[in-house]
Amino acid sequence: VDIMVCSLEMTANEVPEWAQDIVQAAQQISRRLLLDRSHWKLLHGDLHPRNIIADDGAWRVIDPRAVEGPPAFEYANLFLNPWDRTALIFKPGRMQKIAKIASAQLGIDIHEVLSCAIANALHYAHISFGHGQGRHPINCIRQLLKLFEP
């Protein structure tokens, strides 16, 4: 999760005009989340549908990053993936449902789950900006911020 700290240092010059309205809010939420390491654990770090396979009747998780972070970070990629199925990702109610399930499973406030998803999407947006892309993670952040509001 330390690699995500770079996205906190993004300046306005690095952010496309169409993402300017979102990045600063996402950075504020991410900063609060990533700077408090008091409850971090060792995590898989890249948990999403394509890294979960069926193997001889058992479920296996593959391709770990082995990072440290808040436990809710394990659910963060589920909000962005499957990356190529935007109709599914942005299906009304889907992100809220994932956040509620993760919150209940972990016994934590839903805002921590949403914060992890926002920090993760911001990281992917930052990487994508360098390639002239980033609309997908920014659109995810827009949806997540709507859920984040009280």
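Cut-offs and rules
- Residues numbered from 1 in each chain as written.
- Predicted model: local features only at pLDDT ≥ 70, side-chain atom pairs only at ≥ 80, totals over all residues.
- Heavy atoms only, no water.
- Helix = DSSP H or I, 4+ residues; strand = E, 2+ residues; numbered from the N terminus.
- Expected span 1.5 Å × (residues − 1).
- Buried < 20%, exposed > 50% of the residue type's maximum accessible area, 1.4 Å probe, protein only.
- Contact = heavy atoms within 4.5 Å.
- Axes fitted to C-alpha atoms, helices over the stretch in contact; angles between N-to-C directions.
- Parallel < 35°, antiparallel > 145°, perpendicular 65-115°, else oblique.
- Left-handed = near helix turned anticlockwise from the far one by under 90°.
- Lys, Arg positive; Asp, Glu negative; His and termini not counted.
- Salt bridge = Lys/Arg side-chain N within 4 Å of Asp/Glu carboxyl O.
- Pairing = 2+ DSSP bridges.

Q: Report on helix 2 (residues 20-35), specifying residues and quantitative values.
A: Taking 1.5 Å per residue, 16 residues should reach 22 Å; helix 2 reaches 23 Å between its end C-alpha atoms and fits that length. Taken as a whole, helix 2 has its buried residues at Ile22, Val23, Ala26, Gln27, Ile29, Ser30, Leu33 and Leu34. Tucked into the core, helix 2 has its buried residues touching helix 1 (5-8), helix 6 (110-129) and helix 7 (135-148).

Q: Can you explain the packing of helix 2 against helix 6? Please cite residues and give values.
A: One way to put it is that helix 2 packs onto helix 6 with a least axis distance of 9 Å and a crossing angle of 120 degrees. Relative to helix 6, the element helix 2 lies oblique. At the point where helix 2 passes helix 6, the crossing takes the left-handed sense. For the pair helix 2 and helix 6, the contacting residues are Val23, Ala26, Gln27, Ile29, Ser30, Leu33 and Leu34 in the first and Glu112, Ser115, Cys116, Ile118, Ala119, Leu122 and Phe129 in the second.

Q: Would you mind going over the side chain of Glu112 in detail, with residue names and values included?
A: Summarising the element assignment, Glu112 is placed in helix 6. Comment: no salt bridge for buried Glu112; closest opposite-charge side chain is Lys41, at 10 Å. Among all residues touching Glu112, those that are not within four sequence positions of it are Leu33, His39, Pro70 and Ala72.

Q: Which residues make up the pairing of strand 2 (residues 52-55), and what are the values?
A: Bridge count between strand 2 and strand 3 (residues 58-61): four bridges; the pairing is antiparallel. Its bridge partner lying in strand 3, Ala54 is registered against Trp59. The antiparallel pairing of strand 2 with strand 3 creates a hairpin that spans two residues between the two strands, and Asp56 there sits at a positive phi of about 50 degrees.

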